[in-house]
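If you want the building blocks of each chain, they are given just below.
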Amino acid sequence: MKNSKKQIATRRIEILFNNALSNAKNNPRLAQRQAEIAKKISLKFKIKMPFEVSSSFCKNCKKFIAPGIASKIRLGSKPKSIRITCTYCNHTYRKIISQ
Ligand SMILES: [Zn+2]
């Protein structure tokens, strides 16, 4: 019972997130709202968001930052990492990619 609820919630997060991504360019306000709802669902059901979702939220201002639209992504070597810069607050964070 509980599991299927979580599954439905996970599915909703995926759909909302995909919608947010596709709206990010033409309708950033709607994208922001959809992303916020996705985040709320994940908190409510205690679902760990997949990396591509969690990395699309700024760790500083908590906004939804669509990759390549509201954030700049740079790849680093040694150690292999990605650097994500939020275009709202300019906060940069780095994620080391483990191999
Ligand atoms: Zn930010």
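Undergrad: Requested: an account of helix 2 (residues 28-44), with residues and values cited.
TA: The terminal C-alpha atoms of helix 2 lie 24 Å apart, and with 17 residues this matches the ideal 24 Å at 1.5 Å per residue to within 8%. When we look at burial in helix 2, the residues that qualify are Ala31, Gln32, Gln34, Ala35, Ala38, Ile41 and Ser42. In the segment just after helix 2, Lys46 is the residue with positive phi, at about 55°.

Undergrad: So what's going on with the coordination of the zinc ion? Which residues, and what values?
TA: Bound to the zinc ion are the protein donor atoms Cys58 (SG), Cys61 (SG), Cys86 (SG) and Cys89 (SG), situated 2.2 to 2.4 Å from the metal. Classification of the site at the zinc ion rests on its four donor atoms, whose angles at the metal span 107 to 115°, yielding the label tetrahedral.

Undergrad: Please give an account of the pattern of salt bridges that cites residues and values.
TA: Within this structure, the stated rule accounts for one salt bridge. Close ionic contact of Glu14 with Arg11 constitutes a salt bridge, the shortest N to O distance being 2.9 Å. Taken together, the residues span about one helical turn, with Glu14 and Arg11 both in helix 1 (residues 2-23) at a distance of three residues. On the basis of relative accessible area, Glu14 is assigned to the partly exposed category, the value being 37%.

Rules used throughout
Residues numbered from 1 in each chain as written. Predicted model: local features only at pLDDT ≥ 70, side-chain atom pairs only at ≥ 80, totals over all residues. Heavy atoms only, no water. Helix = DSSP H or I, 4+ residues; strand = E, 2+ residues; numbered from the N terminus. Expected span 1.5 Å × (residues − 1). Buried < 20%, exposed > 50% of the residue type's maximum accessible area, 1.4 Å probe, protein only. Donors = N, O, S within 2.8 Å, 3.2 Å for Na, K, Ca; no water. Tetrahedral: all angles 85-135°; square planar, octahedral: opposite > 155°, others 65-115°. Salt bridge = Lys/Arg side-chain N within 4 Å of Asp/Glu carboxyl O.

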